[in-house]
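Observations on chain architecture
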Amino acid sequence: MNEYYKQLIAYRRKFHQIAELGFLEMQTTIELLKIVRKLHVEIRYGRSIHGHRDGLPPATVMQAHAKTLDLEGVDFDIEDIKKGYTGLILDIDTGREGPKICFRFDIDALPIRETSDPSHLPNQLEFRSQNEGNCHACAHDGHISLGLVLAQYLCDHRESLVGSYRIIFQPAEEGVHGGKSMTEKGCVDEVTYMVGSHIGLNEKSNTVGVGTEGFLSSKKFDVTYWGRSAHSANNPEYGRNALLGAASLCLNLNGLIQYSSSNTKLNIGYLNAGNTRNIIAQDSFLQGEIRADHYTTLKDLWYKVVHAVQGSALTYGLQYRIDEVGEAIDFKTEHPDFVDLMNKKLKDRGFQTNLRPRLTGSEDVTYMLRRVEEQGGKSIHFLLGTKLKAPHHNEGFDFDENVLPLGLNLFIEVISILVEDHQKTCTR
């Protein structure tokens with residue numbers, strides 16, 4: 001196992017340097033393909049694994065990013081990848097009867113400039129992000145590493161395994177874009193067991209959170225206002241102030257999230273408006289999100305958001321547009337007994353566990369988890385506990401790399417438990 005552990009660290013540090021945003025994970029996908037093509041497994045990528053994609057970067061941004069790619073050693077088609085069809089799917093079939101087990105790993109980074117603190121491990125060991133302004137501040141580099149080494153392990157032990165295994169490297173989790181796109185295209189159809197996981201998220205070090213709950217449904221949106229510029233002193237009455245419209249909207253939105261029956265969240269994370277101090281602002285643009293622990297509440301909250309946008313437009317005489325750019329759904333398993341069984345089996349095998357930890361955030365793996373259960377399968381999500389140097393989505397984020405062997409060992413044992421569960425189910 002030591003060779004697998006070494007490879008986990010090497011892959012994590014390799015992909016940490018390639019940090020790319022959602023649907024721009026072009027170099028990441030290319031490097032993944034270079035590695036997995038050596039495994040001689042079935043590989044799918046490009047437009048064949050995607051449905052409708054929300055939240056795409058502008059075409060100019062994608063084209064510019066595609067020009068930066070290192071194409072050394074590329075002897076396969078990357079035209080779809082250069083158009084933002086990133087990520088890939090591996091299928092490993094043992095040729096023996098058994099369950100179809102699927103693991104999903106997200107691959108995108110965040111628009112955060114990595115810290116220059118010399119004590120930061122990527123700075124000490126020279127594997128910091130080479131894409132200035134982007135970094136893996138949510139452990140997805142660790143997720144990529146786990147997916148690759150798990151694939152290698154499955155191939156190495158194919159003769160002693162049964163059933164088939166699917167590994168999904170999913171793009172654009174941040175902003176919740178990619179999970180829905182891939183699920184729409186059938187990436188988890190006919191799957192018997194679906195496994196999701198995440199490093200950190202407040203789970204205690206060396207502890208496995210079993211059967212994560214508290215997934216919030218979420219909708220991401222952009223609002224654009226168009227007004228009319230004018231001199232702010234001479235003739236302000238001729239102007240239509242898009243800055244004030246946006247500012248009014250921000251304040252109004254925060255008064256909409258009071259629900260006694262649901263946990264709701266709202267955040268405006270970006271606002272840009274105007275040109276200079278003596279001109280009525282002609283246009284404005286903001287990015288926001290809403291979350292709720294029930295999708296029905298989210299839909300009601302979204303109804304209020306849309307009307308608030310319209311109301312500010314009417315008040316300030318503005319034109320407007322609302323763009324929905326991402327969405328995730330909540331998830332709670334239909335098989336709580338299965339979660340209890342998994343927790344007991346893992347404890348019996350020596351793992352320190354925490355039953356049903358709460359995420360209190362959004363994750364678009366929920367589309368896959370729910371889809372599998374809707375089709376009669378079972379789904380489960382794990383948290384991999386580790387010591388963090390800084391919180392998720394922070395410039396100084398880093399995790400203890402010992403969590404990677406913990407994750408790999410967990411997945412190996414989970415496969416064994418799932419095969420046992422499937423065999424018992426089939427003999428009933």
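Computed from a predicted structure; not experimentally measured. (Residues numbered from 1 in each chain as written. Predicted model: local features only at pLDDT ≥ 70, side-chain atom pairs only at ≥ 80, totals over all residues. Heavy atoms only, no water.)

As for the overall build of the chain
Worth spelling out the cut-off: Put simply, DSSP marks the helices as runs of H or I at least four residues long and the strands as runs of E at least two long, and each gets a number from the N terminus on. For this measure, only C-alpha atoms enter the radius of gyration; the expected value for a globule follows 2.2 Å times N^0.38, where N is the number of residues. Per-residue accessibility, obtained with a 1.4 Å probe over protein chains only, is compared with the maximum for each type, and a residue is labelled buried under 20%, exposed over 50%, and partly exposed between these values. Residue contacts are defined here by distance: any two heavy atoms, one from each residue, within 4.5 Å place the two residues in contact. Each accessible area is a Shrake-Rupley estimate made with a 1.4 Å probe; only the visible protein chains count as cover when residues are assessed. Residues scored as charged are limited to Lys and Arg (positive) and Asp and Glu (negative), so that His and the chain ends carry no count. In this description, the location of a charge corresponds to atom NZ of lysine, CZ of arginine, CG of aspartate or CD of glutamate.
For the chain, the count of helices and strands is 11 helices and 14 strands. Against the compact-globule benchmark of 22 Å for 428 residues, the chain has a radius of gyration of 23 Å, which places it among compact chains. Its C-alpha atoms put the chain at 80 × 50 × 40 Å along the principal axes. Expressed as a percentage of the 428 residues in the chain, the buried residues total 55%. In the chain, once contacts between residues fewer than 6 apart in sequence are set aside, the share between residues at least 24 apart is 83%. Only carbon and sulfur atoms are counted for the fraction: they give 46% of the accessible area of the chain, which is about 18900 Å². Mean positive and mean negative side-chain charge positions of the chain (47 and 56 charges, respectively) differ by 2 Å.

Side note on the UniProt feature "domain: Peptidase M20 dimerisation" (unreviewed entry) in the chain
What counts here: UniProt positions are given in the numbering used here, feature names are shortened, and annotations may be inferred rather than shown by experiment.
The UniProt feature table records "domain: Peptidase M20 dimerisation" (unreviewed entry) at residues 219-309. A distance of 15 Å separates the end C-alpha atoms of residues 219-309, which is 30% helix and 31% strand.

Some points on the sheet that holds strand β6 (residues 208-210)
Note the threshold: For two strands to be treated as a pair, DSSP must find no fewer than two bridges joining them. Here, axes are lines fitted to C-alpha atoms. For helices the fit covers the stretch in contact, and angles between N-to-C directions go from 0 to 180 degrees.
Here we have eight strands laid out as an open sheet, ordered β1-β2-β4-β3-β5-β14-β6-β12, and mixed in their pairing. What marks the edges here is a single partner per strand, and that holds for β1 (42-45) and β12 (353-355). When the angles between neighbouring strand axes are averaged without regard to direction, this sheet yields 20 degrees. By the bridge criterion, six bridges tie strand β2 (residues 88-93) to strand β4 (residues 164-170) in an arrangement that is antiparallel. By the bridge assignment, Leu-88 is partnered in β4 with Phe-169. Together, β5 (193-199), β6, β12 and β14 (378-384) form the strand contacts of helix α9 (residues 336-348), whose direction differs from that of β14 by roughly 45 degrees.

Re helix α3 (residues 59-66)
Note the threshold: Starting at the helix axis, one direction is taken to each C-beta atom, and the arc is that of these directions.
Among the residues of α3, those classed as buried are Met-62, His-65 and Ala-66. Buried residues of α3 fall within an arc of 100 degrees about the axis and therefore sit on the same side. Along its buried surface, α3 packs onto α2 (26-36).

Some points on unusual backbone geometry
Of note in this structure, Ala-172 is not a glycine but carries a positive phi near 55 degrees. For Ala-172, a relative accessible area of 0% translates into the label buried. If you check the backbone angles, Arg-356 has positive phi at about 55 degrees while not being a glycine. Tracing the chain through its elements places Arg-356 in the loop between β12 and β13 (358-361). Since its relative accessible area comes to 24%, Arg-356 is described here as partly exposed.

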